[in-house]
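What follows is each chain in one-letter form.
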Amino acid sequence: MRHRTPPPPPPLPQRDGVDPVRLRLPADGPWATVREHLVERLSGAAAGAVGAMLDAGGVVTADGRPVAPDAPYRPGLYVWFHRDPPPEVPVPFPVEVVYRDEHIVVADKPHFLATTPRGGHVRQTALARLRTELGLPALGAAHRLDRLTAGLVLFTVRPEERGAYQGLFRDRLVRKEYEAVAVAVHDPALVLPRTVRSRIVKERGVLAARETDGEPNAVTRVEAAGHRPRPGGGPGLGRYRLVPATGQTHQLRVHLSTLGVPILGDPLYPEVTDPVAPGDFRRPLQLLARGLDFTDPVTGREHRFRSGRTLTAWESYADWAEGR
């Protein structure tokens, strides 16, 4: 079996907890210079921006040497650089550290904060913040939570151990528990507890996932955890305890919506609504990753972590509804 040679370590430091971009030039192509390839590769960047990076010595090779603005194209060459991300609205909520040792960090992520850099969320992510705040540039995420979901996320301190912790999630060796608040619908057919099984498909470029025919790939245990009247009358509020056995994208949100009790504040299920303006942190999705239980694959310790956050709509529906 042929083993791939790992890429060299980045010669540039992080910026605000964000790694530099690494590119490897293709083995063949029509480009005469590195600049020509970067202009084509970075389709979202203007040629002038690429030229400015090269002129400033911002594109470097594995030894840290700047790539000259007129450097000839070299197949297989690794280059690194930092892109200037678009402005991001700061998420005004802290990331709480629940546990930390020499191997892992368990954080209690707030609503609206992405787990890792992706798309338009780069610096305003739990990973970038924790790398900076804790002084741990090698910190990595073992799994992810949706940006709109709050709660517990496991990060790894040592890159060489990350695979062992990621394997816990891949092999379903982590017991995850969630809490959700929804409008309680008194449907005689909705008997709880129950285990929901379905096949969920998430297509690239489509905001919402969907259920389809076929072998189930998403399994969730749904239990009723409380009921209370809603101020002003109308259907009451239901609190639900969710224990997923799988980890499909938006699985819990899809399953509760299918049961007729979509989660409060969900912009995608049962219907896709207009996006809110950046900086609008009112009425967060009422979904919380409450618990993580697992046996540490490195130390053998039994871990049982619980989020200290609460869901606003359950504590005070009026505050949540009015965006306070």
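Calculation rules
Here the residue numbers are simple positions, counted from 1 along each chain's written sequence. Whole-chain, interface and lining totals are the exception, using all residues; otherwise, since this is a predicted model, local features are given only for residues with pLDDT of at least 70 and side-chain atom pairs are given and counted only at 80 or more. Here the side-chain values reflect all heavy atoms present in the structure, with hydrogen atoms and water set aside. What counts as a helix is a DSSP run of H or I of at least four residues, what counts as a strand is a run of E of at least two, and both are numbered from the N terminus. For the exposure calls, accessible area comes from a 1.4 Å probe over protein chains only, and a residue counts as buried if that area is under 20% of its type's maximum, exposed if over 50%, partly exposed in between. Whether two residues are in contact is decided by their heavy atoms: any pair within 4.5 Å suffices. The accessible surface values rely on the Shrake-Rupley method and a 1.4 Å probe; as for residues, cover is taken only from the protein chains in view. Residues enter patches when their relative accessible area tops 30% and they take part in no salt bridge; the joining distance is 9 Å for like charges and 5 Å for the nonpolar side chains Val, Leu, Ile, Met, Phe, Trp and Tyr. Think of a salt bridge as a Lys or Arg side-chain nitrogen and an Asp or Glu carboxyl oxygen that are within 4 Å of each other. We count Lys and Arg on the positive side and Asp and Glu on the negative side, and we leave His and both chain ends out. Note on charges: their place is set at NZ of Lys, CZ of Arg, CG of Asp or CD of Glu. Should DSSP find at least two bridges between two strands, the strands are regarded as paired.

A. The overall build of the protein chain, seen in detail. For the protein chain, the helix and strand inventory stands at seven helices and 13 strands. For the protein chain, with 324 residues in total, the buried portion stands at 44%. Look at the contacts in the protein chain between residues 6 or more apart in sequence, and 63% of them connect residues 24 or more apart. Total accessible area on the protein chain is roughly 17,200 Å²; 51% of this is exposed by carbon and sulfur atoms.

B. Focus on a positive patch on the surface. Taken together, the side chains of R118, R144, K202 and R204 define a basic patch exposed on the protein surface. Tracing the backbone shows K202 in the loop between β8 (194-201) and β9 (210-212). Residue classification places K202 among the partly exposed residues on the basis of a relative accessible area of 35%.

C. Representation of the pattern of salt bridges in the model. Going through the model one piece at a time under the given rule, you end up with 21 salt bridges. When the shortest N-O distance is used, the salt bridge between D171 and R170 registers 3.2 Å. Here R324 makes a salt bridge to D319, at a shortest N to O gap of 2.3 Å. Among the residues examined, R324 registers a relative accessible area of 60% and is labelled exposed.

D. Summary view of the pairing of strand β4 (residues 104-109). The buried count for β4 comes to six of six residues, which makes it a mostly enclosed element. Burial along β4 is two-sided: I104, V106 and D108 facing one way and V105, A107 and K109 facing the other are all buried. Where strand β3 (residues 96-100) and β4 come together, four bridges link them in antiparallel fashion. For E96, the partnering residue across the bridge sits in β4 and is D108. A loop of three residues connects β3 with β4, the two strands running antiparallel in sequence. As paired elements, β4 and strand β6 (residues 150-156) share six bridges and run antiparallel to each other. Looking at the pairing, K109 lines up with G151 of β6.

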